[in-house]
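Summary of structural features
Chain by chain, the residues:
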Amino acid sequence: MLVLIIPVFLIVAFYRYLGHETPPTVDTTEVYGSVQRAGKFQLLKPEGLPDGWRIASATFTDEILRIGVTAPDDGAMQLVESAKPESVLLPAVVGHDPHDDGETTIAGATWHRWSQGRPGERAIIRTESGRTIIIVGQAKEPQLTQLAESLKA
């Protein structure tokens with residue numbers, strides 16, 4: 001048995017050394033098409049993010065778009081877009097009783113910063129013309145900002 005285990009460990013170590021552990025990026029075409037066909041809000045997509053950023057998941061259910069995004073240093077975030085009001089989405093996405101940390105301007109738009117909704121997570125929220133956009137996760141503030149800056153119609 002030991003004779004079989006040692007080669008397996010060597011193969012796995014060599015595979016990891018060559019960097020073949022990069023998870024695949026999800027194709028968002030179908031999900032974005034569903035959002036556009038529903039016509040509930042104007043879709044914003046992350047575009048032009050640097051190497052190392054990837055889309056890990058994409059769903060559109062109950063008129064809420066959820067895009068899981070991973071930054072290069074494992075900053076995990078979720079981009080949420082919906083026509084539902086902030087009062088409905090905030091507790092569902094950010095958590096109950098979050099702390100409002102004030103406003104910030106990102107790419108010429110006003111966003112609200114939130115913390116303490118769920119342990120270790122922070123969020124930024126933008127509400128405009130029948131649409132609520134939330135970026136939430138355990139990422140650093142600059143990563144949240146960079147994702148917000150990348151959103152294009």
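Definitions and cut-offs
- Per chain, the residues get numbers from 1 upward, laid out in the order the sequence is written.
- Per-residue local features are limited, in this predicted model, to residues with pLDDT of at least 70; the limit for side-chain atom pairs, both in listing and counting, is 80 or more; totals at the level of whole chains, interfaces and linings are taken over all residues.
- Calculation of side-chain values draws on the structure's entire complement of heavy atoms; hydrogens and water are dropped beforehand.
- Classification of residues uses two cut-offs on accessible area relative to the type maximum, computed with a 1.4 Å probe and protein chains only: under 20% is buried, over 50% is exposed, and between them is partly exposed.
- A run of H or I in DSSP becomes a helix once it reaches four residues, and a run of E becomes a strand once it reaches two; helices and strands are each numbered from the N terminus.
- Pairing between strands is defined by DSSP: at least two bridges between them are needed.
- In this description, a line fitted to the C-alpha atoms serves as the axis of each element, helices being fitted only across the stretch in contact, and the angle between N-to-C directions of two axes falls anywhere from 0 to 180 degrees.
- Only heavy atoms matter for contacts: two residues are in contact if any of them lie within 4.5 Å across the pair.

Let's shift gears to the pairing of strand β4 (residues 76–82). The buried fraction of β4 amounts to five of the seven residues, a majority that puts the element mostly inside the structure. Strand direction decides the pairing type here: strand β3 (residues 64–70) and β4, joined by seven bridges, are antiparallel. Residue pairing in the sheet places threonine 70 in a bridge with alanine 76 of β4. Connecting β3 to the next strand, β4, in antiparallel fashion are five residues, including aspartate 74 with a positive phi near 65°. Note that β4 and strand β8 (residues 131–137) share six bridges and pair antiparallel. When the bridges of β8 are listed, valine 80 appears paired with isoleucine 134.

Spatially, β2-β3-β4-β8-β7-β6-β5 is the arrangement adopted by the seven strands of the open sheet, whose pairing is antiparallel. Of all strands in the sheet, those with a lone pairing partner are β2 (54–61) and β5 (99–106), marking the two edges. Across the sheet, the axes of successive neighbouring strands diverge by a mean angle of 20°, strand direction being ignored. Seen against the sheet, helix α2 (residues 29–38) touches β2 and β3 and runs at an angle of roughly 35° to β2. Sitting on the sheet, helix α3 (residues 86–94) touches β3, β4, β6 (109–115), β7 (122–128) and β8, and the angle it makes with β8 is about 15°.

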